[in-house]
Amino acid sequence: CGMPFRAPERSSSFTPADLDSVRSNRRWFVALGATLMVLGLLAVLLPFVASLATTIALGWLMMLAGVSEGYHALRTRRWAGSGWELVSAAVQVVAGGFVVTFPIAGKLALTLILAVYFVSEGVLKIIRAVQHRRVLAPGWLVFDGFLSLALGVLILLHWPSSAVRVIGLLVGINLLAGGMSMLLIGTVW
């Protein structure tokens, strides 16, 4: 046949980012970075308000999800799982109502979930930093990842006393750092 055999190239999740795609989307990086930084600054300046607002918003979302699931269960009564779906919907509505009615108590559980989120987010950001190692500011991505990881560990170390203000403050710091890394990626080129 005359054609030499060539093995297909494998795609790796650690493949460096395409610099042309960063350059062509520079405005989006800058806009995202600026938006995240403004939101982060507001959350840092008003940590109790941000914590309370986040908790209450999640409670309402839980109730809305429960109502949607309950409606689905009633519409599909012939389905064998509709009874259990209705029970699940009731649990979501009651839990969401509890979080909205008692947001401080809801923050205790939310704080633990947030700690796990920050630890996971930190690890994922460090992986992204490895992917973007050809970008001129990879150090900021590494810093952003380690900051998220450290925030998660800090929450866990000081729980439950940290639950009163930690959500708003740490979300704000995380948004500021994430905004800074996106802003730097967009402006370095």
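Attention in this report is confined to the structure presented alongside it. (Residues numbered from 1 in each chain as written. Predicted model: local features only at pLDDT ≥ 70, side-chain atom pairs only at ≥ 80, totals over all residues. Heavy atoms only, no water.)

## Concerning the packing of aromatic side chains
Here is step 1: All told, the structure shown has 2 aromatic pairs when counted by the stated rule.
Here is step 2: Aromatic side chains Phe98 and Phe102 sit 5.3 Å apart centroid to centroid with 45° between the ring planes, which places their arrangement in the tilted category.
Here is step 3: Phe98 sits in the partly exposed class, given a relative accessible area of 41%.
Here is step 4: Taking relative accessible area as the criterion, Phe102 reaches 45% and is therefore assigned partly exposed.
Here is step 5: Residues Tyr117 and Phe118 carry aromatic rings whose centres are separated by 5.3 Å and whose planes lie at 50° to one another, so their mutual orientation is tilted.
Here is step 6: The class for Tyr117 is partly exposed, based on a relative accessible area of 38%. (Phe/Tyr/Trp six-rings, centres within 6.5 Å; stacked < 30°, edge-to-face > 60°. Buried < 20%, exposed > 50% of the residue type's maximum accessible area, 1.4 Å probe, protein only.)

## Re the environment of Tyr71
Here is step 1: Checked against the element boundaries, Tyr71 lands in helix 3 (residues 47-75).
Here is step 2: Among the residues examined, Tyr71 registers a relative accessible area of 53% and is labelled exposed.
Here is step 3: The spatial distance from the C-alpha of Tyr71 to the C-alpha of Glu85 is 9.7 Å, given a sequence separation of 14 residues. (Helix = DSSP H or I, 4+ residues; strand = E, 2+ residues; numbered from the N terminus.)

## Observations concerning helix 2 (residues 26-45)
Each full turn of the α-helix corresponds to 3.6 residues, which orients residues three or four apart in the same direction.
Here is step 1: Look at helix 2: 29 Å from first C-alpha to last across 20 residues, which is about the 28 Å you get at 1.5 Å a residue.
Here is step 2: Every buried residue of helix 2 is accounted for by Phe29, Gly33, Leu36, Gly40 and Ala43. In an axial view of helix 2, the angular spread of the buried residues amounts to 95°, which keeps them on one side of the axis. In helix 2, the exposed positions that point more than 90 degrees away from the buried face belong to Arg27, Val38 and Leu45. (Expected span 1.5 Å × (residues − 1). Arc of directions from axis to C-beta.)

## Brief notes about a nonpolar patch on the surface
Here is step 1: Judged by side-chain polarity, Leu41, Leu45, Leu46, Phe48, Val49 and Ile104 come together as a nonpolar surface patch covering roughly 540 Å² of accessible area.
Here is step 2: If you trace the backbone, Phe48 turns up in helix 3. (Patch = residues over 30% accessible without salt bridge, like charges linked within 9 Å, V, L, I, M, F, W, Y side chains within 5 Å. Areas by Shrake-Rupley, 256 points an atom, 1.4 Å probe, with all protein chains shown as cover. Salt bridge = Lys/Arg side-chain N within 4 Å of Asp/Glu carboxyl O.)

## Re the side chain of Lys125
Here is step 1: Here Lys125 shows up in helix 5 (residues 103-131).
Here is step 2: Given a relative accessible area of 6%, Lys125 falls into the buried group.
Here is step 3: Within polar-contact distance, the side chain of Lys125 engages the side chain of Ser148 at 3.3 Å.
Here is step 4: Excluding residues within four positions of it along the chain, Lys125 makes contact with Leu141, Asp144, Gly145, Ser148 and Asn174. (Polar contact = N/O pair within 3.5 Å; in protein donor to acceptor, adjacent residues only side chain to side chain. Contact = heavy atoms within 4.5 Å.)

## Quick word on the pattern of salt bridges
Here is step 1: Evaluation of the coordinates by the stated rule reveals 1 salt bridge.
Here is step 2: In this structure, Asp144 and Lys125 form a salt bridge, with 3.1 Å as the shortest nitrogen-oxygen distance. Here Lys125 lies in helix 5 and Asp144 lies in helix 6 (residues 138-157), a separation of 19 residues in the sequence. Residues Asp144 and Lys125 agree in their burial class; the two are buried.

Nothing here speaks to function; it is all geometry.
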